[in-house]
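Fold and contact review
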Amino acid sequence: MRRRPSLSPVATDDARDAPDNPDRPPITRRRSRRLRVHRPDRRFARDSPRADVSNRARVLRARPARVLRVRVDGIVSSVRWVGARASRRSRPCLERDVGVMSTPARKRLMRDFKRLQTDPPAGISGTPSESNIMAWHAVIFGPEGTPWEGGTFKLTIAFSEEYPNKAPVVKFVTKMFHPNVYNDGSICLDILQNQWSPIYDVGAILTSIQSLLCDPNPNSPANSEAAALYNENRRAYNKRVAAVVEDSWLEIGAAAR
């Protein structure tokens, strides 16, 4: 049987040669065993941050966000909250609203959100706000080949608990010049009023508004000045639209600062 090496202190040559001095303890050293070198974990590379505990902890702390997966009515959706150390109070409402997701309107909104994530229509985007799933923020990009091309227009969508039986309230946040858009951003669109149907989802609403930009209805104007220019002086109307597009660029640039 192999004998374990002794770890008892042994006096060094300097201690043996030193004169007897009761106030000075002898210089000692320990006999240490040679540490056995373990093979690194084959799952990670030698220079991987996960191979070192301190580096791994630093990487975990530096992660910018976490992901919360919410299952509602058989649908799993990913919700992100900013900050790896975010407290429960600062996380978005979709985590806190799990207990109240049983209403038909909230279930339908989760299905709409999942559909926008998996199969988003071209030129539109929409997400729920961090504090309320019934309030959404949306963006519509100007259709190509039209005076609205290149524009980025922000909207808000407010849903009620009667959705989808009742149409939401949709408004432009970006200042618009359009025959069917009021000065406060409200939209005069038939599917948001008397032609609403529960089959319309968020994607259909935003797609219809995008089509309304380049195909207005001047016979039912919300902005009489824009309707008159559209009917009488299309060139002047297109110049006003180009100014709106440029203003949307400045708004996006100011928000990015």
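What comes next concerns the included structure. (Residues numbered from 1 in each chain as written. Predicted model: local features only at pLDDT ≥ 70, side-chain atom pairs only at ≥ 80, totals over all residues. Heavy atoms only, no water.)

Some thoughts on the overall build of the protein
Applied cut-off: Numbering of helices and strands runs from the N terminus; a helix is a DSSP stretch of H or I covering at least four residues, while a strand is a stretch of E covering at least two. For the exposure calls, accessible area comes from a 1.4 Å probe over protein chains only, and a residue counts as buried if that area is under 20% of its type's maximum, exposed if over 50%, partly exposed in between. Contacts are residue-level and defined by heavy atoms, with any inter-residue pair within 4.5 Å sufficient. Surface accessibility follows the Shrake-Rupley procedure with a 1.4 Å probe radius. Residue values consider only the protein chains on display as shielding.
Helices and strands together make up the secondary structure of the protein, namely seven helices and eight strands. Here the protein, with 257 residues, has 35% of them falling under the buried criterion. Sequence-distant contacts in the protein: of pairs separated by 6 or more residues, those separated by 24 or more amount to 50%. By element, 49% of the accessible surface of the protein is carried by carbon and sulfur atoms, the whole surface being about 17,500 Å².

Quick notes on the packing of aromatic side chains
Applicable threshold: Put simply, two rings from Phe, Tyr or Trp (the six-membered ring, in Trp's case) pair if the centres are within 6.5 Å, and we call them stacked under 30 degrees between planes, edge-to-face over 60, tilted for the rest.
In this structure the tally under the stated criterion is eight aromatic pairs. Between Phe177 and Tyr237 the ring centres are 6.1 Å apart and the planes differ by 40 degrees, which places this aromatic pair in the tilted class. Of this pair, Phe177 sits in the loop between strand 8 (169-172) and helix 5 (202-214) while Tyr237 sits in helix 7 (residues 234-256), and the two are 60 residues apart along the sequence. A residue is classified by how much of its surface remains accessible, and Tyr237, at 3% relative accessible area, is buried.

Section: the side chain of Asp112
With respect to the element layout, Asp112 can be found in helix 4 (residues 104-118). Sequence-distant contacts of Asp112, that is, excluding residues within four places in its chain, are made with Trp136, Tyr163, Asp201 and Val202.

Let's talk about the nonpolar core
Across soluble globular proteins, nonpolar side chains have a tendency to be buried as a group. To keep things clear, this is the line we draw: Among the buried residues, those of types Ala, Val, Leu, Ile, Met, Phe, Trp, Tyr and Cys that are joined through side-chain atoms within 4.5 Å form a nonpolar core.
Among the nonpolar cores identified, the biggest contains 41 residues, and Phe172, Ile187 and Ile209 are the most heavily contacted of them. Contributing elements (two or more residues each) for this core: helix 4, strand 6 (135-141), strand 7 (152-158), strand 8, helix 5, helix 6 (224-232) and helix 7. Beyond its immediate sequence surroundings of up to four residues, Ile209 is in contact with Ile140, Leu155, Val170, Phe172, Ile187 and Leu189.

Overview of the side chain of Ser248
What counts here: Under this definition, polar contacts are N or O atom pairs within 3.5 Å; protein pairs additionally need one hydrogen-donor-capable and one acceptor-capable atom, and for neighbouring residues in sequence, both atoms have to be side-chain atoms.
Relative to the assigned elements, Ser248 resides in helix 7. Engagement of the side chain of Ser248 in a polar contact is seen with the backbone oxygen of Val245, the distance being 2.5 Å. In this structure, Ser248 is in contact with Gly151, Thr152, Phe153 and Thr174, ignoring residues within four places of it in sequence.

Some details on the pattern of salt bridges
Pairing between side chains of opposite charge can happen when their charged atoms approach one another. Keep this limit in mind: Salt bridges are counted wherever a side-chain nitrogen of Lys or Arg sits within 4 Å of a carboxyl oxygen of Asp or Glu.
Evaluated as defined, the whole model comprises five salt bridges. The partner of Arg106 in a salt bridge is Glu161, and the shortest N-O contact between them spans 3.3 Å. In this pair, Arg106 is assigned in helix 4 and Glu161 in the loop between strand 7 and strand 8, connecting sequence segments 55 residues apart. Note on Arg106: relative accessible area 12%, which makes it buried. With a closest N to O distance of 3.1 Å, Asp201 and Arg115 form a salt bridge. On the criterion of sequence distance, the pair formed by Asp201 in the loop between strand 8 and helix 5 and Arg115 in helix 4 is long-range, its members being 86 residues apart. Given a relative accessible area of 14%, Asp201 falls into the buried group. A relative accessible area of 40% means that Arg115 is categorised as partly exposed. Here the salt bridges share partners, and the residues they tie into one network are Arg108, Asp112, Arg115 and Asp201.

Overview of the sheet that holds strand 8
The line we're drawing: The criterion for strand pairing is that DSSP finds at least two bridges linking the strands in question. Here an axis means a line fitted to C-alpha atoms, over the contact stretch when the element is a helix, while the angle between two N-to-C directions is reported on a 0 to 180 degree scale.
Across the sheet, which stays open at both edges, the four strands sit in the order 5-6-7-8 with antiparallel pairing between neighbours. In this open sheet, the two edge strands, each paired with only one partner strand, are strand 5 (124-128) and strand 8. Looking at each pair of strands side by side, their axes are set apart by 20 degrees on average, direction ignored. Both strand 7 and strand 8 contribute to a ladder of four bridges, which runs antiparallel. In the sheet register, Leu155 faces strand 8, and the bridge partner there is Phe172. Across the sheet, helix 5 touches strand 5, strand 6, strand 7 and strand 8, and the angle it forms with strand 6 is around 40 degrees.

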